[in-house]
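# Commentary on secondary and tertiary structure
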Amino acid sequence: MSLHAGVVAVQGDVAEHADAVRRAGRAHGHDVSVEAVRSAGVVPECDLLLVPGGESTTISRLLHRGGIATEIQAHAAAGKPILATCAGLIVCSRDARDDRVDELGLIDVAVERNAFGRQRDSFEADLDVSGLEEPFHAVFIRAPAIEEVGDVEVLATVGDRPVAVRDGPVVGTAFHPELTDDPRLHGLALFEHAAADVEAGG
């Protein structure tokens, strides 16, 4: 089955996510075409959506200014899968705890920007992720911390802090799954569970 994925490209590591979603698609028997989302009109044509890292205040401003924000919200409301990573998690959260970020409100969490980065800029950890049989090697770069969770499923933690959550069709991670050669997190977020709706409804 062919699926069309959009990668929000107003800022962030677009190429890595594009490669990861193609590899995850192949692992699940799908041929995935990928398009960069830089303006309004692209998201409504997408089956899958990725909101990468970058600088959350800049991303949120550009999404709202360009009319992309409401399209992402409609994508989620239609039950179509979204993977939001690092700054993407902040932008998609309910509360970024920063007045400069105009959140999309897609993930019922409160997030503190660069929380892990105050101690160290980056680190890596092998995570037990709900839905994956083997640990996932996660790369954290100035990562946000999920400080409060609402009605979400916690998929992975570091210590007692959630670092991956699912809220309906939207998965958010505090780490960068695209920076590894392991496409399983993209598969979990985009081609399992919520992706069944895409396959059933087109």
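Shown above is the structure to which this text applies.
Now for a look at the structure at hand. Computed from a prediction, not measured in an experiment: that's the story for all the values here. Residue positions are given per chain, counted from 1 along the sequence in the order it is written. Since the coordinates come from a predicted model, pLDDT governs what is reported: local features require at least 70, and pairs of side-chain atoms require 80 or more to be given and counted, while whole-chain, interface and lining totals use all residues. Here the side-chain values reflect all heavy atoms present in the structure, with hydrogen atoms and water set aside.

### Comments concerning the overall build of the chain
- Secondary structure elements are defined from DSSP: runs of H or I of at least 4 residues count as helices, runs of E of at least 2 residues count as strands, and each element is numbered from the N terminus. Counting its secondary structure elements, the chain contains six helices and twelve strands.
- To get the radius of gyration, use the C-alpha atoms; to get the globule rule, take the number of residues to the power 0.38 and multiply by 2.2 Å. A globule of 202 residues ought to have a C-alpha radius of gyration of about 17 Å, and the chain, at 15 Å, matches this closely.
- With respect to the three principal axes, the spread of C-alpha positions in the chain is 45 × 40 × 30 Å.
- Buried residues in the chain amount to 54% of all 202 residues. Burial classes follow relative accessibility: with a 1.4 Å probe on protein chains only, a residue under 20% of its type's maximum area counts as buried, one over 50% as exposed, and anything between as partly exposed.

### A look at the nonpolar core
- Side-chain atoms within 4.5 Å are what join buried Ala, Val, Leu, Ile, Met, Phe, Trp, Tyr and Cys residues into a set we call a nonpolar core. Core analysis: the largest hydrophobic core is formed by 63 residues, its most contacted members being Ile72 and Phe140.
- Broken down by element, this core gets its largest block of residues, five residues, from helix 4 (residues 87-92).

### A word on the sheet that holds strand 12 (residues 170-173)
- Read across the sheet, seven strands follow the order 2-1-3-4-12-11-10 without closing on themselves; strand pairing throughout is mixed. Of all the strands in the sheet, just strand 2 (31-37) and strand 10 (153-158) have a single pairing partner and so form its edges. Looking at each pair of strands side by side, their axes are set apart by 20 degrees on average, direction ignored.
- Strand direction decides the pairing type here: strand 11 (residues 161-167) and strand 12, joined by four bridges, are antiparallel. Each residue of the ladder has a partner; that of valine 165, found in strand 12, is glycine 172.
- Any two residues having at least one pair of non-hydrogen atoms within 4.5 Å are treated as being in contact. For helices, the fitted line uses only the C-alpha atoms of the stretch in contact; every axis is such a line through C-alpha atoms, and the angle between N-to-C directions lies from 0 to 180 degrees. Against the sheet, helix 1 (residues 14-27) touches strand 1 (2-8), strand 2, strand 3 (48-51) and strand 4 (82-85), its axis set at about 160 degrees to strand 2. One requirement defines pairing of two strands: DSSP has to find at least two bridges between them.

### As for the packing of aromatic side chains
- Pairing of aromatic rings covers Phe, Tyr and Trp, the last through its six-membered ring, and needs centres within 6.5 Å; plane angles under 30 degrees mean stacked, over 60 mean edge-to-face, and all others mean tilted. Taken as a whole, this structure holds three aromatic pairs when the rule is applied.
- Ring geometry for phenylalanine 136 against phenylalanine 175: centres 6.0 Å apart, planes inclined by 40 degrees, an arrangement best described as tilted. In this pair, phenylalanine 136 is assigned in strand 8 (residues 136-141) and phenylalanine 175 in the loop between strand 12 and helix 5 (184-190), connecting sequence segments 39 residues apart.
- In this structure phenylalanine 175 comes out as buried when scored by relative accessible area, which is 0%.
- Through successive ring pairs, a cluster of aromatic residues spans Phe123, Phe136, Phe140 and Phe175.

### Brief notes about the pattern of salt bridges
- One speaks of a salt bridge when a side-chain nitrogen belonging to Lys or Arg is within 4 Å of a carboxyl oxygen belonging to Asp or Glu. Inspection of the entire model under this criterion finds eight salt bridges.
- Linking aspartate 108 and arginine 94 is a salt bridge whose minimum nitrogen-to-oxygen distance equals 2.5 Å. In this pair, aspartate 108 is assigned in strand 6 (residues 107-112) and arginine 94 in strand 5 (residues 93-95), connecting sequence segments 14 residues apart.
- Where glutamate 148 meets arginine 97, a salt bridge forms, and the shortest distance between an N and an O atom there is 2.6 Å. Taken together, the positions of glutamate 148 in strand 9 (residues 145-149) and arginine 97 in the loop between strand 5 and strand 6 put the pair 51 residues apart, joining distant regions of the chain.
- In this structure glutamate 148 comes out as partly exposed when scored by relative accessible area, which is 39%.
- Through salt bridges that share partners, Glu55, Asp98, Arg100 and Arg113 make up one connected network.

### Some thoughts on unusual backbone geometry
- The phi torsion at cysteine 86 lies on the positive side, around 55 degrees, for a residue other than glycine.
- Position of cysteine 86 among the secondary structure elements: in the loop between strand 4 and helix 4.
- Its relative accessible area of 7% is what places cysteine 86 among the buried residues.
- Residues other than glycine seldom take positive phi values, yet arginine 97 does so here, at roughly 55 degrees.
- For arginine 97, a relative accessible area of 44% puts it in the partly exposed group.

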